[in-house]
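Residue-level structural notes
Residues per chain, in single letters:
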4 protein chains.
Amino acid sequence: MPTQIIVLNGGSSSGKTGISRCLQAVLPHPWIRLGVDDLVDALPPALLDGAGIAFGQRGEVEVGDGFREVEAAWTAGIAAMAHAGARIIIDDVFLGGAASQERTRAQLGGLAVLWVGVHCEPAIAAAREIARGDRVLGMAVAQAELVHRGVSYDVEVDTGRTESLDCARAIAAHVV
Amino acid sequence: MPTQIIVLNGGSSSGKTGISRCLQAVLPHPWIRLGVDDLVDALPPALLDGAGIAFGQRGEVEVGDGFREVEAAWTAGIAAMAHAGARIIIDDVFLGGAASQERTRAQLGGLAVLWVGVHCEPAIAAAREIARGDRVLGMAVAQAELVHRGVSYDVEVDTGRTESLDCARAIAAHVV
Amino acid sequence: MPTQIIVLNGGSSSGKTGISRCLQAVLPHPWIRLGVDDLVDALPPALLDGAGIAFGQRGEVEVGDGFREVEAAWTAGIAAMAHAGARIIIDDVFLGGAASQERTRAQLGGLAVLWVGVHCEPAIAAAREIARGDRVLGMAVAQAELVHRGVSYDVEVDTGRTESLDCARAIAAHVV
Amino acid sequence: MPTQIIVLNGGSSSGKTGISRCLQAVLPHPWIRLGVDDLVDALPPALLDGAGIAFGQRGEVEVGDGFREVEAAWTAGIAAMAHAGARIIIDDVFLGGAASQERTRAQLGGLAVLWVGVHCEPAIAAAREIARGDRVLGMAVAQAELVHRGVSYDVEVDTGRTESLDCARAIAAHVV
């Protein structure tokens, strides 16, 4: 079955967005990009706090039930888009490691998913976080290894060693 | 049945985004905002041309089959989000007027939808397009009346006469 | 002497940026837009706190000596641009009212300045602040009247009653 | 004399902005960032064409007299900011190579300037241009080597081999 969804999992500032743009450029079919950042942008102010998702001053992210409910509906919607024929690159951050992957796997049940680990050494991700200038400092280090705990992948890339476009090419070779 | 989806239809620069943010602020439950602009942002470069969606230098928008296919999957996904419990404000531009509404109505079948017409006099929308500075000039005038042709609404607002927050309150009174 | 600088003074969300874009569109010569927001964007993280400029959670803005020093150099630079022939629209917020105007007037000494008051009722500015979605709520109300205290103008506009483009035309009529 | 201005010269997508943010983080004093992109953002629509600055569909940049005039006033203003005590990081693209440097050197006369060459192999810059997704493709390759022709530097860095933060530390070691 042809790949329907590509899940890129990696910590903040690991380079997922750059890779997803490059994937759009190198893959022969049209793929659309949707990520947890898009969900956060779509949320009402009332969910940008403890009941929803909150970003602390040292890079910690706290997620409440209110966010989890909306996120589940969001992922159900992405699954429906894929069932309806759209090819989708999901840019995600598995804060719960293996448990997050299991939850996502269940939500994407029946779809052909390519699981991609986007690694980046904490020190390099932290440096890129400073260079971006649009993220709370500390998220990169806090998430760099945490998000990969117990997660299994079809392909893994390291943006500290390989440019985004080459990472994308390596991933594209696994898209069927 | 409680309202599950609010569809805001209006031309470019008619003020839909402002109203949708205000709706998020005044409605008691959490609503998420998703619009055609989010779909366009998610597209690969290959669909930002004649086969997909193209924005001409005088404000004309040309939509091809490639875009229509992805858009249908996108809307199917939004419907699934709503079926899964999310409350969604859709920010749309019915370039095909009544035909666009019929297509959307079919895609959202079985859901409780509140249809909202967001009007704005062409001259005022054109002036706001200049003030925004991030849109091709001409879209506002080209779309201001076109998008409402033959469309039927549950509630209509005019952002040329009423501030966004008051428009949102008028709409919120129809959300059940 | 032809007008060299247009200073737009108004509270947050009063509509200064929209007016300045419209001024660029309606004025016959090229004018460049520079505002206090551009200065804030240019600052290092170390000045985005108590020693520099800090934005509180209820819309209050605290300005320290570190910011005042950089701001004085910034304004000296804008004055030099105008002396060198550039026409400049400054988008400012006189948190100190008349005292801010006097300081600015001294810094722009020798230049032909058009002083413009951009008014907007606090309730309307607060509503627009919600509609924008990118500002801390409370700034609009906190600043709406404060910034005009004791300030004298060549022309005044009210964006709650007049669209940005028409405000710009009214201002443009005073540019010589 | 202590360094008053740091000029970063490099082609589009060579990584100047990331380095300048990192410089702000590692330098002990407050430095403000201003670049040619800020000038372009400040321009009226009338200067975003042949008479001003125009960006072609294949990455070529055409600069007319209208832009040169405003740019000269802009640089005079930055020089004045530095004379008034501000420390400034300029992010520039010397499309004219050595001639651009000579013009800038004259405009910054009397100031202590640190000249920094930001190199990046054309292929890597082109890949990053795809990953960014907000630039016309082709600018990176067109400018990568052109902007360094005949330019002399106090320090040179290569973002294809060194992360932005480490480039910034290497540059900071030359700031006196």
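Up top is the structure these notes are about.
Figured I'd write up the structure that's included with this text. Within any chain, residue numbers begin from 1 and follow the written order of that chain's sequence. Just so you know, chain letters begin at A and ligand numbers begin at 1, following the order they were written in. This being a predicted model, a pLDDT of at least 70 is required before a residue's local features are given, and a value of 80 or more before pairs of side-chain atoms are given or counted; all residues contribute to the totals for chains, interfaces and linings. Computation of side-chain values covers all heavy atoms of the structure but excludes hydrogens and water.

1. Points about the relation of the copies chain B and chain C
Filter applied, for reference: To line up the copies, we fit them by least squares on C-alpha atoms, keeping just the residues with pLDDT of at least 70 in both. Residue contacts are counted whenever heavy atoms from the two residues lie within 4.5 Å of one another.
For these two chains of identical sequence, chain B goes onto chain C by a turn of 180 degrees and a shift of 0.0 Å along the axis, with RMSD 0.0 Å. Expressed as a symmetry operation, the mapping of one chain copy onto the other fits a two-fold axis. Judged by C-alpha distance, Arg161(B) is the residue of chain B that lies nearest the rotation axis, at 4.9 Å. Most of the interface of chain B is mirrored in chain C: 100% of its interface residues are interface residues there too.

2. Quick word on the interface of chain B and chain A
So the rule is basically this: Once two parts are put together, the accessible area they lose, assessed with a 1.4 Å probe and summed over both, is termed the buried area. By salt bridge we mean one thing: a side-chain nitrogen of Lys or Arg within 4 Å of a carboxyl oxygen of Asp or Glu. Here a polar contact means two N or O atoms within 3.5 Å. Within protein one must be a hydrogen donor candidate and the other an acceptor candidate, and residues neighboring in sequence count only if both atoms are side-chain atoms. Strands here mean DSSP runs of E at least two residues long; helices mean DSSP runs of H or I at least four residues long; both are numbered from the N terminus. Three classes are used: nonpolar for Ala, Val, Leu, Ile, Met, Phe, Trp, Tyr, Cys and Pro, charged for Asp, Glu, Lys and Arg, and polar for all others, with Gly counted as polar.
Listed as interface residues are 22 residues of chain B and, on the opposing side, 22 residues of chain A. Buried area between chain B and chain A, summed over both chains or domains, comes out near 1700 Å², and the portion from carbon and sulfur atoms is 77%. Our enumeration of links across chain B and chain A arrives at zero salt bridges. Viewed at the interface, chain A and chain B are joined by six residue pairs in polar contact (both at pLDDT 80 or more). Residue assignment for the side of chain B that touches chain A shows that the elements contributing at least two residues are β2 (31–35), α2 (36–42) and α3 (65–83) of chain B. The element contributing the most residues to the side of chain B that touches chain A is α3(B), with eight residues. In terms of residue class, the side of chain B that touches chain A is made up of 18 nonpolar, two polar and two charged.

3. Things to note about the arrangement of the chains
A gap remains between chain A and chain C, with no contact made and the closest C-alpha atoms lying 9 Å from each other. One finds no contact linking chain B with chain D; the least C-alpha distance across the pair is 9 Å.

4. Brief notes about the relation of the copies chain B and chain A
Here the second copy of the chain follows from the first by a rotation about an axis and a shift along it. Expressed as a screw transformation, the operator carrying chain B onto chain A has a rotation angle of 180 degrees and an axial translation of 0.0 Å, and the superposed copies differ by an RMSD of 0.0 Å. An overlap of 100% is found between the interface residues of chain B and their copies at the interface of chain A, pointing to a shared contact surface.

5. Some remarks on the nonpolar core
The criterion, for reference: Here, nonpolar core means buried Ala, Val, Leu, Ile, Met, Phe, Trp, Tyr and Cys residues that are tied together by side-chain atoms lying within 4.5 Å of each other. Accessible area is worked out with a 1.4 Å probe on protein chains only. A residue is then buried under 20% of its type maximum, exposed over 50%, and partly exposed in between.
Ranked by internal contacts, the top residues of the largest apolar core, which has 62 residues, are Ile5(A), Ile88(A), Ile5(B) and Ile88(B). Discounting residues that sit within four places of it in the chain, Ile88(A) has contacts with Gln4(A), Ile5(A), Ile6(A), Trp31(A), Ile32(A), Leu34(A), Ile78(A), Met81(A) and Ala82(A). If you look at the next biggest cluster of nonpolar residues, it comprises 58 residues, including Leu34(C), Trp115(C), Ala79(D) and Ala82(D).

6. Considering the side chain of Lys16(B)
All names here are of chain B. Summarising the element assignment, Lys16 is placed in helix α1 (residues 16–26). Its relative accessible area of 7% is what places Lys16 among the buried residues. From its side chain, Lys16 meets the backbone oxygen of Gly10 in a polar contact 3.1 Å long. Ignoring anything within four residues of it in the chain, the contact list for Lys16 reads Leu8, Asn9, Gly10, Gly11, Asp91, Asp92, Val93 and Val118.

7. Examining the side chain of Ser164(A)
Within the secondary structure, Ser164(A) sits in helix α7 (residues 164–172). Aside from chain neighbours lying at most four places away, what touches Ser164(A) is Gly18(A), Ile19(A), Cys22(A) and Ala131(D).

8. Side note on the packing of aromatic side chains
All names here are of chain B. Stated precisely, the cut-off is as follows: In this scheme Phe, Tyr and Trp rings, the latter by its six-membered ring, pair at centre separations within 6.5 Å, and the angle between planes marks the pair as stacked below 30 degrees, edge-to-face above 60, and tilted otherwise.
This structure, assessed with the given rule, holds four aromatic pairs over all chains. Between Phe94 and Trp115, the ring centres sit 6.3 Å apart and the planes meet at 55 degrees, which makes this aromatic pair tilted. Of the two residues, Phe94 sits in the loop between β5 (87–92) and α4 (98–107) while Trp115 sits in strand β6 (residues 113–119), which places them 21 residues apart along the sequence. A single burial state applies to Phe94 and to Trp115, both of which are buried.

9. Side note on the environment of Ser152(C)
Residue and element names in this part refer to chain C. Among the secondary structure elements, Ser152 is positioned in the loop between α6 (139–144) and β7 (155–158). Looking at Ser152, the relative accessible area reads 41%, which means it is partly exposed. Taking the C-alpha atoms as reference, Ser152 lies 31 Å from Leu47; in sequence the two are 105 residues apart. Not counting residues up to four positions away in its chain, the partners in contact with Ser152 are Gln101, Arg105 and Trp115.

10. Some details on the interface of chain B and chain C
The partner chain C presents 15 residues to the 15 residues of chain B that form the contact. When chain B packs against chain C, close to 1100 Å² is buried across both sides, 65% of that on carbon and sulfur atoms. Of all residues in chain B, the largest losses of buried area upon contact with chain C belong to Ile130(B), Ala131(B) and Glu163(B), amounting jointly to 43% of the total for that side. A salt bridge links Arg128(C) to Glu163(B), with the nearest nitrogen and oxygen atoms 2.8 Å apart. The tally of links between chain B and chain C comes to six residue pairs in polar contact (both at pLDDT 80 or more). Class assignment of the residues belonging to the side of chain B that touches chain C gives a composition of seven nonpolar, four polar and four charged.

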